[in-house]
Amino acid sequence: MNSVRTVNEGVLTNRLWGKVWILLLLFIGVLFSALFSVCEGLGNSSISAILAAALHPSGSQLGTVLQEVRIPRALIGVIVGACLGLSGVLLQTMTRNRLADVGIFGLNAGASFAVVLGISLFGMTSVSALTWMGLLGSLAAGACVYLMAVSAPGRASPTTITLAGAALTMLLSSLTHALLVLDQPMLSQVLFWISGSLAGRSMHALLVTLPFLAAGALIAVGMVRALALMEFEDDVAEGLGQRVLWMRLAAGLAVILLAGGCVALAGPVGFLGLMTPHLGRWLVGSSMPWLLSYSACLGALVLVWADVAARTVLQPSELPIGVLTALIGAPFLIHVARRGGIRS
Amino acid sequence: MLLAENIQVGYGSKIVIQELNLTIAPGQITTFIGANGCGKSTLLRTLARLLKPTAGTVLLDGRDIFKRSTREVAKQLALLPQTPYAPPEVTVRQLVRLGRYPHGRWLGGWSDRDEQAVQEALAAMKLTDLADQPVDTLSGGQRQRAWIAMTLAQETDLLLLDEPTTYLDLSHQLDILDILRELNRRHHKTIVMVLHDLNLAARYSDVMVAVHQGTVYTQGKPEKVMTPETIRAIFDVECVVIPDPVAGTPLCIPIATRNHEVGEDAGRTQEPAQARHALELAR
Ligand SMILES: Nc1ncnc2c1ncn2[C@@H]1O[C@H](COP(=O)(O)OP(=O)(O)O)[C@@H](O)[C@H]1O
Ligand SMILES: [Mg+2]
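- In the nomenclature of an unreviewed UniProt entry, chain B corresponds to Iron complex transport system ATP-binding protein from the organism Alicyclobacillus macrosporangiidus.
- Its UniProt record gives chain B the following Subcellular location (unreviewed entry) comment, quoted word for word: "Cell membrane".

- In the nomenclature of an unreviewed UniProt entry, chain A is known as Iron complex transport system permease protein of Alicyclobacillus macrosporangiidus.
- Per UniProt, chain A has the following entry under Subcellular location (unreviewed entry): "Cell membrane".
- Under the heading Sequence similarities (unreviewed entry), UniProt records this for chain A: "Belongs to the binding-protein-dependent transport system permease family. FecCD subfamily."

Written out as structure tokens, the structure reads:
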């Protein structure tokens, strides 16, 4: 009743409506930010002109810019941000490791390796071809980690998964570096992808990855109840009727689909998957449906603004987006940590 | 209602339990005693369907427990593992609500029945006032009560607890054991647990099971199990057993481990003499 309220349960108290309102606000914030990202820097065109051009893009130069560049970019930012937020929660929960980032499955390393291979061996240049390579690379790496963990004794324990992921990441990164050293001219070509960016991503690339992302998100939503048990040890979860191994496999699959799709689309975006679950927990505690929806919104919000900053701060050159997610996110994370909201 | 038929259990190629037969008497408090590493936890986990025996079966209400789903079993049998861990933000209420997991549907939904079970479990463990506290900010005794409340919310007839009193001070050990006895007497729960304190085990159990080297050494009423011979066999400790002046149940007074007897120093001549003296006192 009059128990001391602590940061552990999230700053938004236990009252239902508080959480609903803030979630709604976050959602509106995401929409507004996406809109801002679309319109930003379009010179002196008025909002109404932009709207008209967006609705009837045929012909006008503004319409083409919106349709080919701005709208896909904002959309990809929202989707990648939300999916990284979701996969961060899934991953930290299933590995019981609050310091886990999506790189842990070897997904980023797998995607980078495949893209570098695509450019150097097959001379690929188009963004959609590289998106496919990234997707295949990350899925293959995820599957490898997964198989290694499952074939080890102990029901794919979180530690096995983490170790298998770390080992594969090391192996693939050194192979990638070897390829890059052997083929210096390629470096500049690859750099734009390997450092994470939303520049030049087409609607087509989004459509390629969307089924994977959607499948991952569906699994995540379907697991909402089971996820609440996954941070507890196996005996507790199994004793409460959870089929622990199956749930862990399902969660792993969702992470691979979500984060693999993201890295294929936008390259390795650092920090976001690590950070958003912590911000979410700070706001709403660890209650799963809330944490998932808050993390998704926060991820989208941070990524869209990071992208806006990435292309405006040092105009005309663009910064890697991972730098900006870290710049935007780190102060929040430090704040949360100092308030005692992060405990391992 | 719960019985193990000639089971053999192990981890990988290591066999821990062998040729073990055990029937858990319904409506009674059964306590496993035995040395560290003799297989008590392994046995409890096997009875709870967490480990599959390599031979033999575990029957729950006459049916093979491994032919039934985890969830179905979780509605009949609740398990409290040894010193379980709760993630940092989880509050007492959230923990207790997890007890409803096996009763729930796929995407959730929270029925009045669920809410009632949670409220009753909180009240029974005197945790209503602490319901919104994170579990990891509670004292050891409160934390253990929170975990027991979770198993109560499961609304099972059978309760399996692995060392529920370990790491608690004496008053909290008694507190937990009184609660368990109350659950047994008033709510007719069948309780199976592992305890390390032999004297408390003798005082609170209807049946004691002495586990030794992965099988049942002897079982029965505390008077039958708590004998110097059994204690010597399973713990390698010399002791005298006298009636507990408070409860009348057997009370074990240890004298020395037998290892000392074969030691090289003075203990060799001293301790048997001490033991004889103590025995005479006891008579
Ligand atoms: N997960 C495991 N993997 C391998 N061996 C185990 C595992 N758990 C327990 N053991 C072994 O099984 C034996 C019995 O352990 P346990 O049932 O925990 O004993 P107790 O609870 O009586 O102290 C010990 O020798 C222990 O080393
Ligand atoms: Mg044990």
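1. Here's the deal with the interface of chain A and chain B
Reasoning step 1: With 29 residues of chain A in contact, the opposing surface of chain B contributes 39 residues.
Reasoning step 2: When the two sides are added together, the surface that chain A and chain B hide from each other amounts to roughly 3,000 Å², 55% of it contributed by carbon and sulfur.
Reasoning step 3: One salt bridge connects B:Arg45 with A:Asp235, and the closest N-O pair in it is separated by 2.8 Å.
Reasoning step 4: Inspection of the region where chain A meets chain B yields six residue pairs in polar contact (both at pLDDT 80 or more).

2. Topic: the sheet that holds strand 4 (residues 55-60) of chain B
Residue and element names in this part refer to chain B.
Reasoning step 1: One open sheet accounts for four strands, arranged 2-1-4-5; its pairing is antiparallel. Looking at the sheet topology across the chains shown, the edges are occupied by strand 2 (14-24) and strand 5 (63-64).
Reasoning step 2: One ladder, built from two bridges, connects strand 4 with strand 5; its direction is antiparallel. Note on strand 5: the bridge partner recorded for Leu-59 is Asp-64.

3. Thoughts on unusual backbone geometry
Excluding glycine, residues mostly carry a negative phi; peptide bonds, for their part, are mostly trans.
All names here are of chain A.
Reasoning step 1: For Arg-96, which is not glycine, the phi dihedral falls at a positive 50°.
Reasoning step 2: By the element assignment, Arg-96 lies in the loop between helix 3 (61-94) and helix 4 (107-122).
Reasoning step 3: The residue Phe-271 is not glycine, and still its phi comes out positive at about 80°.
Reasoning step 4: For Phe-271, the location among the structural elements is in the loop between helix 11 (244-266) and helix 12 (272-284).

4. So, the site of ligand 1
All names here are of chain B.
Reasoning step 1: Taken together, Tyr-11, Lys-14, Val-16, Ala-35, Asn-36, Gly-37, Cys-38, Gly-39, Lys-40, Ser-41 and Thr-42 make up the full set of residues adjacent to ligand 1.
Reasoning step 2: One of the side-chain N or O atoms of Lys-14 is found 3.2 Å from an oxygen atom in ligand 1.
Reasoning step 3: Gly-37 has a polar backbone atom sitting 2.7 Å from an oxygen atom of ligand 1.
Reasoning step 4: In isolation ligand 1 exposes 550 Å². Once the protein is present, 61% of that is buried.
Reasoning step 5: Broken down by element, the shell around ligand 1 gets its largest block of residues, three residues, from helix 1 (residues 40-47).
Reasoning step 6: Considered class by class, the residues forming the shell around ligand 1 number four nonpolar, five polar and two charged.

5. Re the packing of helix 1 (residues 16-39) of chain A against helix 13 (residues 288-312) of chain A
All names here are of chain A.
Reasoning step 1: It is at 9 Å that the axes of helix 1 and helix 13 come closest, and there the two elements cross at 25°. On the basis of the axis angle, helix 1 is roughly parallel to helix 13. The chirality of how helix 1 crosses helix 13 is left-handed.
Reasoning step 2: Taken together, the residues that form the contact of helix 1 with helix 13 break down as 18 nonpolar, five polar and three charged.

6. Observations regarding the coordination of the magnesium ion (ligand 2)
Reasoning step 1: The magnesium ion (ligand 2) binds to the protein through B:Ser41 (OG) and B:Gln82 (OE1), with metal-donor distances spanning 2.0 to 2.7 Å. Note that B:Ser41 is positioned in helix 1 and B:Gln82 in the loop between strand 6 (77-80) and helix 3 (92-98), a separation of 41 residues in sequence.

7. Some points on helix 4 of chain A
All names here are of chain A.
Reasoning step 1: With 16 residues, helix 4 extends 21 Å from end C-alpha to end C-alpha; this agrees with the ideal 22 Å at 1.5 Å per step.
Reasoning step 2: Burial within helix 4 is extensive, with twelve of its 16 residues counted as buried.
Reasoning step 3: Among the residues of helix 4, Leu-107, Asn-108, Ala-109, Gly-110, Ala-111, Ser-112, Phe-113, Ala-114, Val-115, Val-116, Gly-118 and Ile-119 are the ones counted as buried.
Reasoning step 4: Buried positions along helix 4 lie against helix 5 (127-151), helix 6 (158-182), helix 7 (184-194) and helix 11.

8. A few points about the sheet that holds strand 7 (residues 158-162) of chain B
Residues and elements named next belong to chain B.
Reasoning step 1: Taking strand neighbours across the sheet as the criterion, the six strands line up as 6-7-8-3-9-10 in an open arrangement whose pairing is mixed. Single-partner strands in this sheet number two, and they are strand 6 and strand 10 (215-220). Within the sheet, the average angular offset between the axes of one strand and its neighbour, ignoring direction, is 15°.
Reasoning step 2: Bridging between strand 6 and strand 7 involves four bridges; their strand directions are parallel. Pairing of Leu-79 across the sheet is with Leu-160, part of strand 7.
Reasoning step 3: Against the sheet, helix 6 (residues 170-187) touches strand 3 (29-33), strand 7 and strand 8 (190-194), its axis set at about 155° to strand 8.

The rules behind each value
Each residue is numbered by its place in its chain's sequence as written, counting from 1. Labels follow written order: the first chain is A, the first ligand is 1, and so on. Under the rules for a predicted model, residues below a pLDDT of 70 receive no local features and side-chain atom pairs below 80 are neither given nor counted, while totals for whole chains, interfaces and linings still include all residues. As a rule here, side-chain values come from all non-hydrogen atoms in the structure, and water together with hydrogens is ignored. UniProt positions are given in the numbering used here, feature names are shortened, and annotations may be inferred rather than shown by experiment. When checking whether two residues touch, look at their non-hydrogen atoms; a contact exists if any pair is within 4.5 Å. Accessible-area loss on putting two parts together, using a 1.4 Å probe and summing over both, is the definition of buried area adopted here. We count a salt bridge whenever a side-chain nitrogen from Lys or Arg sits within 4 Å of a carboxyl oxygen from Asp or Glu. Contacts described as polar in this section are N or O atom pairs within 3.5 Å, which, within protein, must combine one atom able to donate a hydrogen with one able to accept it, while residues neighboring in sequence count only if both atoms come from side chains. Two strands pair if DSSP finds at least two bridges between them. Helix numbers and strand numbers start at the N terminus; a helix is a DSSP run of H or I with at least 4 residues, a strand a run of E with at least 2. One heavy atom within 4 Å of a molecule or strand is enough for the residue carrying it to be called near that molecule or strand. Method for areas: the Shrake-Rupley scheme with a 1.4 Å probe, in which residue coverage is limited to the protein chains shown. Under the scheme applied here, ten amino acids are nonpolar (Ala, Val, Leu, Ile, Met, Phe, Trp, Tyr, Cys and Pro), four are charged (Asp, Glu, Lys and Arg), and all others, including Gly, are polar. Fitting a line to C-alpha atoms yields each axis, with helices limited to the stretch in contact; the angle taken between N-to-C directions then spans 0 to 180 degrees. For classification purposes, an angle smaller than 35 degrees is called roughly parallel, one larger than 145 roughly antiparallel, one from 65 to 115 roughly perpendicular, and anything else oblique. Two helices cross in a left-handed way if the nearer one is turned anticlockwise from the farther one by less than a right angle. They cross in a right-handed way if the turn is clockwise. Counted as coordinating are nitrogen, oxygen and sulfur atoms within 2.8 Å of the metal, or 3.2 Å for Na, K and Ca, while water is not included, which may make sites look incomplete. Here the expected span of a helix is defined as 1.5 Å times the quantity of residues minus one. Note on exposure labels: buried denotes an accessible area under 20% of the residue type's maximum, exposed denotes more than 50%, and partly exposed covers the range between, all computed with a 1.4 Å probe on protein chains only.

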